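# A look at the structure
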Amino acid sequence: QGSLQACSSIQELDVFSRAREVKVDPDKPLEGVRLAALQARKTLLVPTPRLRTGLFNRIVPPPGATKEILRICATSQGVKDYSVPVGLDGRARVDLVVVGSVAVSEKGWRIGKGEGYADMEYAMMVSMGAVQEDTPVVTIVHDCQVVDIEEELLDDHDLTVDYILTPTRIIKTDCKRPKPQGIIWHKAKSYEMLGKIPILKTLRYREKQMGKDVTLQDEHSHLANTTRAAALNKEMAENTQPQAATGSAQMGQHHVESDPLNPRLEGSGTITTVYVGNIPPSLRVSELKSALREFHVTPFRLNWQGAQHRAFLDYKDQVTAERAVSSLKGLSLRGNTLRVELAKSQRNK
């Protein structure tokens, strides 16, 4: 009963009245807000649960939907039955964001469940241009969840709120702490989320293509180690005879640039093939190769069948092939989410 009272008060906010597109979390206590948005004929976006299958679902009630049908559309089952997916290319323009909270302060500082999905959803919306700096954020909680929060508990990626709705109060926070300005890739949380959210891989790939720094936390230490190793190799090369240095350079070049189409591997019997489907007609093979390099899953042979919207990637062992499947799963190129799995012959084995 308390959540319904708090949810219904959102209709008193000017930011709700002006909003045309509203993003509301899929949590059960926010069902009343989703219903209010549908009844006001606003575009309602609901994040897919844990972002496993994409970013948003746009709720599309059937023509002439009754109040009872709209009530069903606002439920978790209705989100499944009456929605269409909205991906990174969906051109969403969110005017109001509504999130749940575990605790929130009157200053607008928020603590979620600790998994970081609401923070990541907001950061992704910033990256795709779906929200602006002045897009208001509302949270709906019980009165007992409004508490004092130490600022030391907050991090740069934590989302703050502009309005707090409870069963008895409407609080305008006038929060001065800035909201996330996009995904902070070098944070440990981003690295952790990358393994949980397939669509995040696509966003990272796009941002890298745009020239942004998308270096992950573990890659910082890897790059530092690589730099130190290169300096050590250079020093060793300078202290050896010219003939030995030349031989070492040739061996290193052969290792790094070894031809992926090495015929000696074909008869080894250890080749594992990965199937890549749903390739968009406009995609070039060079774009796919670039993505494979980005995810460090370059095969030793690529069989491109663009006319059939597919490609086959050959790897020298099953472990590498399975890592490629895991890394590429959920990757979207030119608006198509690729279908990536072990080739049928490998699955049969």
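Everything below is about the structure shown above.
Described below are features of the structure shown in this document. (Residues numbered from 1 in each chain as written. Predicted model: local features only at pLDDT ≥ 70, side-chain atom pairs only at ≥ 80, totals over all residues. Heavy atoms only, no water.)

### A few points about the sheet that holds strand E3 (residues 56-59)
Spatially, E4-E3-E2-E1-E5-E8-E9-E10 is the arrangement adopted by the 8 strands of the open sheet, whose pairing is mixed. A strand with exactly one partner marks an edge of an open sheet, and here the two such strands are strand E4 (83-86) and strand E10 (170-172). When the angles between neighbouring strand axes are averaged without regard to direction, this sheet yields 25°. As judged from the 3 bridges shared by strand E1 (residues 21-24) and strand E2 (residues 43-47), these two strands associate in the parallel manner. From the neighbouring strand, Val-22 faces E2, where its bridge partner is Leu-44. Set on the sheet, helix H3 (residues 31-39) makes contact with E1, E2, E3, strand E5 (96-99) and strand E8 (137-140); between it and E2 the angle comes to about 150°. Helix H6 (residues 117-127) contacts E1, E2, E3, E5 and E8 of the sheet and is inclined by roughly 150° relative to E1. (Pairing = 2+ DSSP bridges. Helix = DSSP H or I, 4+ residues; strand = E, 2+ residues; numbered from the N terminus. Axes fitted to C-alpha atoms, helices over the stretch in contact; angles between N-to-C directions. Contact = heavy atoms within 4.5 Å.)

### Digging into helix H11 (residues 285-294)
Taken as a whole, H11 has its buried residues at Leu-288, Ala-291, Leu-292 and Glu-294. Seen from one end, H11 has its buried residues packed into an arc of 160°, which puts them on one side. The inward-facing, buried residues of H11 abut helix H8 (198-209), strand E12 (301-305), strand E13 (310-315), helix H12 (318-328) and strand E14 (332-333). Positive phi shows up at His-296, right after H11, with a value of about 55°. (Buried < 20%, exposed > 50% of the residue type's maximum accessible area, 1.4 Å probe, protein only. Arc of directions from axis to C-beta.)

### Section: the pairing of E5
Side-chain alternation along E5 places Leu-96 and Val-98 on one buried face and Val-97 and Val-99 on a second face that is also buried. Alignment of E1 against E5, held across 3 bridges, turns out to be parallel. In the strand pairing of E5, Val-22 is matched with Leu-96. Inspection of the sheet shows E5 paired to E8 by 3 bridges, in the parallel sense. The residue of E8 that forms the bridge with Val-99 is Thr-139.

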